[in-house]
Amino acid sequence: MSNEKIPYKIYLSEEEMPKAWYNMRSDMKNKPAPLMHPGTHKALTAEELTPIFCEELVKQELDEDTAFIEIPEEIREFYKMYRPSPLVRAYCLEEKLKTPAKIYYKFEGNNTSGSHKLNSAIAQAYYAKKQGLKGVTTETGAGQWGTALSMACSYFDLDCKVYMVKVSYEQKPFRREVMRTYGASVVPSPSETTEVGKKILSEHPGTTGSLGCAISEAVEVATKNPGYRYVLGSVLNQVLLHQSVIGLETKAALDKYGIKPDMIIGCAGGGSNLGGLIAPFMGEKLRGEADYRIIAVEPASCPSFTRGTFAYDFCDTGMICPLAKMYTLGSSFIPSANHAGGLRFHGMSTTLSQLYHDGLMEATSVEQTSVFEAAEQFARVEGILPAPESSHAIRVAIDEALKCKETGEEKTIVFGLTGTGYFDLVAYEKFHDGEMTDVIPTDEDIAASVAKLPKVE
Ligand SMILES: *Cc1c(COP(=O)(O)O)cnc(C)c1O
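Notes on the structure in this doc start here. (Residues numbered from 1 in each chain as written. Predicted model: local features only at pLDDT ≥ 70, side-chain atom pairs only at ≥ 80, totals over all residues. Heavy atoms only, no water.)

### Points about the overall build of the protein
Argument step 1. Along its length, the protein carries 18 helices and 15 strands.
Argument step 2. For the protein, the C-alpha atoms occupy an extent of roughly 65 × 50 × 50 Å along the three principal directions.
Argument step 3. The buried share of the protein, taken over its 457 residues, is 60%.
Argument step 4. Within the protein, contacts between residues at least 6 apart in sequence are counted, and of these 76% link residues at least 24 apart.
Argument step 5. Of the roughly 17,800 Å² of accessible surface on the protein, 52% is carried by carbon and sulfur atoms.
Argument step 6. For the protein, the separation between the mean place of its 47 positive charges and that of its 60 negative charges on side chains is 1 Å. (Helix = DSSP H or I, 4+ residues; strand = E, 2+ residues; numbered from the N terminus. Buried < 20%, exposed > 50% of the residue type's maximum accessible area, 1.4 Å probe, protein only. Contact = heavy atoms within 4.5 Å. Areas by Shrake-Rupley, 256 points an atom, 1.4 Å probe, with all protein chains shown as cover. Lys, Arg positive; Asp, Glu negative; His and termini not counted. Charge placed at Lys NZ, Arg CZ, Asp CG, Glu CD.)

### Examining helix α18 (residues 443-450)
Argument step 1. Where α18 is concerned, the buried positions are Ile446, Ser449 and Val450. All buried residues of α18 lie within an arc of 100 degrees about the axis, which places them on one face of the element. (Arc of directions from axis to C-beta.)

### With respect to the side chain of Ser26
Argument step 1. Mapped onto the fold, Ser26 is located in the loop between β2 (20-22) and α1 (46-49).
Argument step 2. Classification of Ser26 as buried rests on a relative accessible area of 17%.
Argument step 3. Setting aside anything within four residues of it in sequence, one finds Ser26 in contact with Lys31, Glu64, Asp65, Thr66 and Ala67.

### Things to note about the sheet that holds strand β14 (residues 362-366)
Argument step 1. Taken in spatial order, the seven strands line up as β1-β4-β5-β15-β10-β11-β14 in an open sheet, and their pairing is mixed. Each edge of the open sheet carries a strand with a single partner, namely β1 (9-10) and β14.
Argument step 2. As judged from the five bridges shared by strand β11 (residues 293-299) and β14, these two strands associate in the parallel manner. Bridged to Ile295 within β14 is Glu362.
Argument step 3. Contacting β10 (263-267), β11 and β15 (412-417), helix α12 (residues 272-286) runs over the sheet at an angle of about 160 degrees to β10. (Pairing = 2+ DSSP bridges. Axes fitted to C-alpha atoms, helices over the stretch in contact; angles between N-to-C directions.)

### With respect to unusual backbone geometry
Argument step 1. Omega for the bond connecting Arg83 with Pro84 falls within 30 degrees of zero, at -5 degrees, which places this linkage in the cis form.
Argument step 2. With an omega of 5 degrees, the peptide bond between Ser189 and Pro190 qualifies as cis.
Argument step 3. With respect to the helices and strands, the residue Pro190 is situated in the loop between β8 (185-189) and α9 (195-203).
Argument step 4. At Lys98, a residue that is not glycine, the phi angle is positive and equals roughly 55 degrees.
Argument step 5. Looking at the element boundaries, Lys98 is found in the loop between α4 (91-97) and β5 (102-107).
Argument step 6. With a phi close to 55 degrees, Asp157 is a non-glycine residue in the positive phi region.
Argument step 7. For Asp157, the position within the fold is in the loop between α6 (144-155) and β7 (159-165).
Argument step 8. Exposure remark for Asp157: the relative accessible area of 66% places this residue in the exposed category.

### Things to note about the packing of helix α15 (residues 368-382) against helix α16 (residues 388-407)
Argument step 1. Two elements in contact, α15 and α16, have axes separated by 8 Å at closest approach and are oriented at 85 degrees. By the criterion of interaxial angle, the relationship of α15 to α16 is roughly perpendicular. Residues Ser370, Val371, Phe372, Glu373, Ala374, Ala375, Gln377 and Phe378 of α15 lie in contact with α16, whose contacting residues are Pro388, Ser391, His392, Ile394, Arg395 and Ile398.
Argument step 2. For the contact of α15 with α16, a count of residues per class yields eight nonpolar, four polar and two charged. (Parallel < 35°, antiparallel > 145°, perpendicular 65-115°, else oblique. Nonpolar A, V, L, I, M, F, W, Y, C, P; charged D, E, K, R; others polar.)

### Considering the environment of Ala148
Argument step 1. With respect to the helices and strands, Ala148 occurs in helix α6.
Argument step 2. When its relative accessible area of 0% is taken as the criterion, Ala148 is described as buried.
Argument step 3. Spatially, the C-alpha atoms of Ala148 and Ile69 are 22 Å apart, while their sequence positions differ by 79 residues.
Argument step 4. Setting aside anything within four residues of it in sequence, one finds Ala148 in contact with Ser113, Lys117, Leu118 and Ala121.

### A look at the packing of aromatic side chains
Argument step 1. Counted according to the given criterion, the structure contains 19 aromatic pairs.
Argument step 2. Three or more aromatic residues link up through ring pairs in this structure, and these residues are Phe78, Tyr79, Tyr82, Tyr126, Tyr127, Tyr155 and Phe156.
Argument step 3. Just above the ring of Tyr91 sits the side chain of Lys5; from NZ or CZ to the centre is 4.2 Å.
Argument step 4. The ring of Tyr169 has Arg176 lying over it, and the distance from NZ or CZ to the ring centre is 4.5 Å. (Phe/Tyr/Trp six-rings, centres within 6.5 Å; stacked < 30°, edge-to-face > 60°. Lys NZ or Arg CZ within 6 Å of the ring centre and 35° of its normal.)

### Structural notes on α15
Argument step 1. Taking 1.5 Å of rise per residue, 15 residues should cover 21 Å, and α15 covers 20 Å from first to last C-alpha, within 8% of that figure.
Argument step 2. Following α15 by one or two positions, Gly383 adopts a phi angle in the positive range, close to 75 degrees. (Expected span 1.5 Å × (residues − 1).)

### Section: the sheet that holds β7
Argument step 1. Here four strands make up an open sheet; going across it, the order is β8-β7-β6-β9 and the pairing parallel. Looking at strand neighbours, the two that pair on one side only are β8 and β9 (228-230), the edges of this open sheet. Across the sheet, the mean angle separating the axes of adjacent strands is 25 degrees when strand polarity is ignored.
Argument step 2. As defined by bridge partners, strand β6 (residues 135-140) adjoins β7 across six bridges and the pair is classed as parallel. Directly across from Gly135, in β7, lies its bridge partner Asp159.
Argument step 3. Taken strand by strand, α6 contacts β6 and β7, and its axis lies near 165 degrees from that of β6.

The following block contains the structure:
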């Protein structure tokens, strides 16, 4: 097919869409370390996890052997409403950069939630429904996950309670209204509706909340109300599993034209979109069938991979969630007010952490003004207004393409364009007004929060 021009958009037919998710852990020699009980420091069992999470999702969380897990028919039908997502050849960007590199991006912003998060939200809602639950609880920071989950819950007639960090609740009223359109109840966190919320409010009156606090509230409500479970939009193995649909589609589309990427680039917050995008490629790498450069991109303000420590840590600021072995800045680390809300997590997926530790992938960090420069450059030629999170991947893809221009190499670059930025226009405004700053933590800042890591032998 070498003489055939690659189309701007490579689509798959419905028949060509993946019928099973791929579990990267099945091919890993060094498995990610198990989630640990914060009190006993023993690996958490299914019995201990089922009061918090849905049964089937607990199974997926703990399954490190099954390579392919069938995507239930109902979820595949839902996927067909907005998938397959296009794999776009960025001809216009290549032209603008005058690079010999071939750039492709997988665009996940083609649904109302505006991000890839719906891929896992619909799966988690499906298993909650199948278990006969009444509803689910969750937290949301920037709002993409809350929106995705609201959509998924309304589809399956489940009640959805979203604890939204108060500052976002007030600053992003439009996100909130989208969630309410899908029937979710959205509570600003901290709130008077939970014990932990009341405690935090009495200790810190006037606080605008944090993700860690919202998690604590959502978990409390899920465990205290019969028929409810808590769901999470990133970090967990089950979420990476569901997101593998991104990578499987990408690989199927590339295979149609015999294209082998040289590098695969994605932004990393908790690691779910990146883990999903790279899944089948990493599988080949792990089995020794192919080699790819895989690059995680994180904000310089929250550099978990590049400046964090590989250790057991709490997943939440409230220190009630299980311990996970991951690259972490410490659960008490508070990143500066970076505009990529989805990348402000102190830790990282345990699976990606192990892969990074074993030298199977790279990581780099970028500053937000350079991220917005790349976002604007991309928007002007490719016609999509990218989310600030996604623009981290754009930045590095452009940098790599410019390196190719210097060396004359025709490398093939694939990156994940996780979402759109319509709800992030305040950030774009700051950028255009020249008011955007880059606050990078000092070594002392990081050392201080890392010193507070739980002591685990
Ligand atoms: C949540 C989010 C991310 C980061 O989350 P991961 O779990 O690391 O993928 C990236 N991009 C967008 C648009 C998001 O909403």
